[in-house]
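Structure at a glance
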Amino acid sequence: MSSVAICVDDLSVSYGSTPAIRGVSGAFEHGSLTAIAGPNGAGKSTFLKALMGEVSATGTIDRGALKARDIGYLPQASSIDRSFPITVADVVCLGAWKHMGFFGGVSSKATIAMRQALQDVGLVGMGDRHINALSVGQFQRVLFARLLVQDAKVLVLDEPFTAVDSRTVHDLTQIILKWKQEGRTVIAVLHDFDQIRATFPRTLLLSHTVIGWGSTKDVLTDKNLNRARALAEQWGESTDQRQYLA
Amino acid sequence: MTLFSLLISPFVDYGFMRRALVATLAIGLSSGPVGVLLMLRRMSLVGDAMSHAVLPGAAIGFMIAGGLSLPAMGLGGLIAGLSVALLSGLVSRVTSLREDASFASFYLMSLALGVMIVSLHGSNLDLLHVLFGTILAVDNSALFLVGGITSCTLLVLAMVYRPLIVECIDPGFLRAVGGRGAVFHFIFLLIVVLNLVSGFQTLGTLMAVGMMMLPAAIAQLLSRRLTTMLMIAAASAVVSGYVGLVLSYYLSVASGPTIILVCSFIYILALLFGPNGFLWRMVRPVSHNL
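The structure reproduced in this document is the subject of the present report. (Residues numbered from 1 in each chain as written. Chains lettered and ligands numbered in written order. Predicted model: local features only at pLDDT ≥ 70, side-chain atom pairs only at ≥ 80, totals over all residues. Heavy atoms only, no water.)

Attention now goes to the overall build of chain A. Helix and strand counts for chain A come out as ten helices and nine strands. Its C-alpha atoms give chain A a radius of gyration of 18 Å, within 12% of the compact-globule value 18 Å for 246 residues. The buried share among the 246 residues of chain A stands at 53%. Contacts in chain A between residues far apart in sequence, at least 24 positions, make up 70% of those at least 6 positions apart. Carbon and sulfur atoms form 49% of the exposed surface of chain A, whose accessible area is close to 11200 Å². (Helix = DSSP H or I, 4+ residues; strand = E, 2+ residues; numbered from the N terminus. Rg over C-alpha atoms; globule rule 2.2 N^0.38 Å. Buried < 20%, exposed > 50% of the residue type's maximum accessible area, 1.4 Å probe, protein only. Contact = heavy atoms within 4.5 Å. Areas by Shrake-Rupley, 256 points an atom, 1.4 Å probe, with all protein chains shown as cover.)

A word on the interface of chain B and chain A. Taken together, the contact pairs 25 residues of chain B with 28 residues of chain A. Buried area between chain B and chain A, summed over both chains or domains, comes out near 2300 Å², and the portion from carbon and sulfur atoms is 62%. Three residues, Arg 162, Ile 169 and Phe 173 of chain B, lead the burial of chain B against chain A; their summed loss comes to 32% of the area buried on that side. One can count two salt bridges joining chain B with chain A. If one sorts the elements of the side of chain B that touches chain A by residue count, helix α8 (residues 140-169) of chain B sits on top with seven residues. Its residues assigned to classes, the side of chain B that touches chain A shows 16 nonpolar, three polar and six charged. (Buried area = accessible area lost by both parts, 1.4 Å probe. Salt bridge = Lys/Arg side-chain N within 4 Å of Asp/Glu carboxyl O. Nonpolar A, V, L, I, M, F, W, Y, C, P; charged D, E, K, R; others polar.)

Phe 144, Leu 157 and Trp 179 of chain A are the most contacted members of the largest nonpolar core, which totals 137 residues. Among the elements that line this core, the one with the most residues is helix α2 (residues 15-40) of chain B, at twelve residues. With near-sequence residues (within four places) excluded, Leu 157 of chain A lies in contact with Leu 48, Leu 74, Phe 144, Leu 147, Ile 176, Trp 179, Val 186, Ile 187, Ala 188 and Val 189 of chain A. Core analysis: the next-biggest nonpolar cluster, separate from the first, contains 28 residues, Ala 20, Val 24, Leu 48 and Val 55 of chain A among them. (Core = buried A, V, L, I, M, F, W, Y, C linked by side-chain atoms within 4.5 Å.)

Residues and elements named next belong to chain A. Sheet architecture is open: six strands sit in the order β5-β6-β7-β3-β8-β9, paired in mixed fashion. The strands lining the two open edges of the sheet, one partner per strand, are β5 (71-74) and β9 (209-215). When strand polarity is set aside, the average angle formed by the axes of neighbouring strands in this sheet is 15°. Pairing of strand β3 (residues 33-37) with strand β8 (residues 202-207), which is carried by four bridges, proceeds in the parallel orientation. Across the sheet, residue Ala 37 finds its bridge partner in β8, namely Leu 205. (Pairing = 2+ DSSP bridges. Axes fitted to C-alpha atoms, helices over the stretch in contact; angles between N-to-C directions.)

Structure below.
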């Protein structure tokens, strides 16, 4: 097996006539922890969606031997309807989708994995809670538990720590580090540079195009960050708005 | 006459009442759960829009069959309802109009067309029958159709239950595991239209949606668990169907509005006395216990 998990070449995505990201090329290596950083509206989520095949993109994405089921995706918490009457256990069990599919029942194996995952994220005994009754941090733990049950080789996390309390950030960071030890590949959109420096060895700095992609120390320099900011402003406010609407 | 015979004599004495009862119970069994899912998908008003949108198709079917024929009206209604749903979906993807806005435009267009067709070719009485239903017309073929729609609805809902719910809570996750949300959305819309069609004869096109939304609202007031909600919705729809038919028989009033009013009455009871209802709030302070 090659050392590269996902390789992108000249990847571009547009919303209507508005380009969101342009000419992104690079590779995520097996077992690497990569943070994706960049200004707001600079195409970070779009890039993840392109990786997941959710938006149509030009250029190539080479997932190698990875199948869709090998990639675990953590959506932005805001994209989830939390008023829906469903329990924590039900959400976490969805992680066993590749075993149960659209119609299959929840196996006892999946139930055991669900309990274990809840324990790992520090939500023991919360399985019967309604997801609406959880705090933002607790809900993020639930989504991580679902990823644990999914047991995916590659984990794609879209803003896992936005609006989450520091205790939860700490606990969930331990899970990410455990994933690294297990040889899984983690790709995460993050905003907190200190956290990126502390946990993520590699960084992709994105501002509609690649500003830097490599070891975090080399990428997160003042020069690069200023360039990213300048480029994002140059891209224009109207672009951001249209992107938001799309 | 005993109370018991009062409650069953209309159905023992008259075949049309028996058929109406079977039809109404079948409609309730499937419409209630469909309504719960509509409401949870934040599509409450889509059901309403659809019930108006089916009118021109139902009217044309009414004209061609020369009366209240469920198969003819159903087919017409199905075509009209699905056209409106598809066109709205298409317009919202191509233009900047949101889906609810394009739904509103198309269903109003459809409703106006329907009323015009009926008034050009029929009497006011016909229009009233189409809009509010008449139980006298429920024949055996209509019963088979209603029963078939109910069976199909419950089977299909059981099959698409998981993806349908996941698409609603977390569409990104469904796409990530390889599910096409739009497919399940469309299957669900198809089920909604079929259930509206099924309510044509006993309830009428306008009242049929009441059999979906009111039981769903009752269920939401009484429970926070999805499976319980689905059961409460089906049960309250079935109960209102039966009570509504008995009342409409003794009071000699139209069955559709009576059934929906009975359902509304249960809704008001749930509003007042339900666990989240007004009275409880006044009697006991909000509990902060875990």
